[in-house]
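Below are the chains, spelled out letter by letter.
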Amino acid sequence: MTQGSGLAAAYLEQRPALLRLLSARLGSVSEAEDALQDLWLKIEGGTTGPVEHPAAYLFRMASNLATDRRVAAVRRGTLETAWDAVQPQPTEFPDSERLLLSRDALAHVETRIAAMPERMQAAYRLFRIEQVPQREIATRLGVSVSAVEKLLHRAYLHLHRPGGLDDD
């Protein structure tokens, strides 16, 4: 009889006891059945040297499989918990009223920006939207950095003033 068939024979003989062990360790008969299947595949596909005590060897393999499965389950649970924690909650999505108000506010801001003088609008868009440094904006517009600062200041006033551009 070959070594593989010796382990296979011991497996078949010890299967009920192995199932009880795995059921106790894993807390589920179906999990234990899956682990037994994995154990069988390892026996059939593996090449082991001579095993002096096949039953003890099988129980050690089963115990190791149970430990590996429990560790994997904990990791899987941790990953799922972490994934759930970063998912947006229903309260994070705007309701239809907030969505409409936000769209209206955006349209109002876009109208105000469009009403700005060309140079002020360019400075504002470059700085706030494209995040271009003020020094580069000054170079692009052919003005000083101080002039860019003044343009941005007037743009902010224009956006926040109820009447818009009164002194332009």
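It should be noted that the structure appears before, not after, this text.
This write-up is about the structure you can find in this document. All values reported here derive from a predicted model rather than from experimental measurement. (Residues numbered from 1 in each chain as written. Predicted model: local features only at pLDDT ≥ 70, side-chain atom pairs only at ≥ 80, totals over all residues. Heavy atoms only, no water.)

1. Notes on the packing of helix H5 (residues 118-129) against helix H7 (residues 145-160)
When two helices pack together, you describe them by how their axes are tilted relative to each other and by the distance separating the axes. Direction vectors running N to C along H5 and H7 enclose 95°, while the axes themselves pass 9 Å from each other. Here H7 runs roughly perpendicular to H5, going by the angle between their axes. Between H5 and H7, the contacting residues are Arg-119, Met-120, Ala-123, Tyr-124, Phe-127 and Arg-128 on the first element and Leu-151, Leu-152, Arg-154, Ala-155, Tyr-156 and Leu-159 on the second. By residue class, the composition of the contact of H5 with H7 is nine nonpolar, no polar and three charged. (Axes fitted to C-alpha atoms, helices over the stretch in contact; angles between N-to-C directions. Helix = DSSP H or I, 4+ residues; strand = E, 2+ residues; numbered from the N terminus. Parallel < 35°, antiparallel > 145°, perpendicular 65-115°, else oblique. Contact = heavy atoms within 4.5 Å. Nonpolar A, V, L, I, M, F, W, Y, C, P; charged D, E, K, R; others polar.)

2. Focus: the nonpolar core
Counting 18 residues, the largest nonpolar core has Tyr-11, Leu-18, Leu-22, Leu-36, Leu-39, Ile-43 and Leu-58 as its most contacted members. Looking at this core, the elements with two or more residues in it are helix H1 (3-26), helix H2 (29-45) and helix H3 (54-86). In terms of residue count, H1 provides more of this core than any other element does, seven residues in total. Excluding its chain neighbours within four sequence positions, the residues that come into contact with Leu-18 are Tyr-11, Leu-36, Leu-39, Leu-58, Phe-59 and Ala-62. Listed in part, the 15 residues of the second largest apolar core include Met-116, Val-132, Ala-138 and Val-143. (Core = buried A, V, L, I, M, F, W, Y, C linked by side-chain atoms within 4.5 Å. Buried < 20%, exposed > 50% of the residue type's maximum accessible area, 1.4 Å probe, protein only.)

3. Some thoughts on the packing of aromatic side chains
A complete count under the given rule lists two aromatic pairs for this structure. Aromatic pair Tyr-11 and Trp-40: ring centres 4.9 Å apart, planes at 45°, arrangement tilted. Taken together, the residues span a long stretch of sequence, with Tyr-11 in helix H1 and Trp-40 in helix H2 at a distance of 29 residues. Residue Trp-40 is classed as partly exposed on the basis of its relative accessible area, which comes to 25%. A ring pair is formed by Tyr-124 and Tyr-156, whose centres lie 6.0 Å apart and whose planes are at 80°; its orientation type is edge-to-face. Of this pair, Tyr-124 sits in helix H5 while Tyr-156 sits in helix H7, and the two are 32 residues apart along the sequence. (Phe/Tyr/Trp six-rings, centres within 6.5 Å; stacked < 30°, edge-to-face > 60°.)

By themselves, these observations are geometric and do not establish any function.
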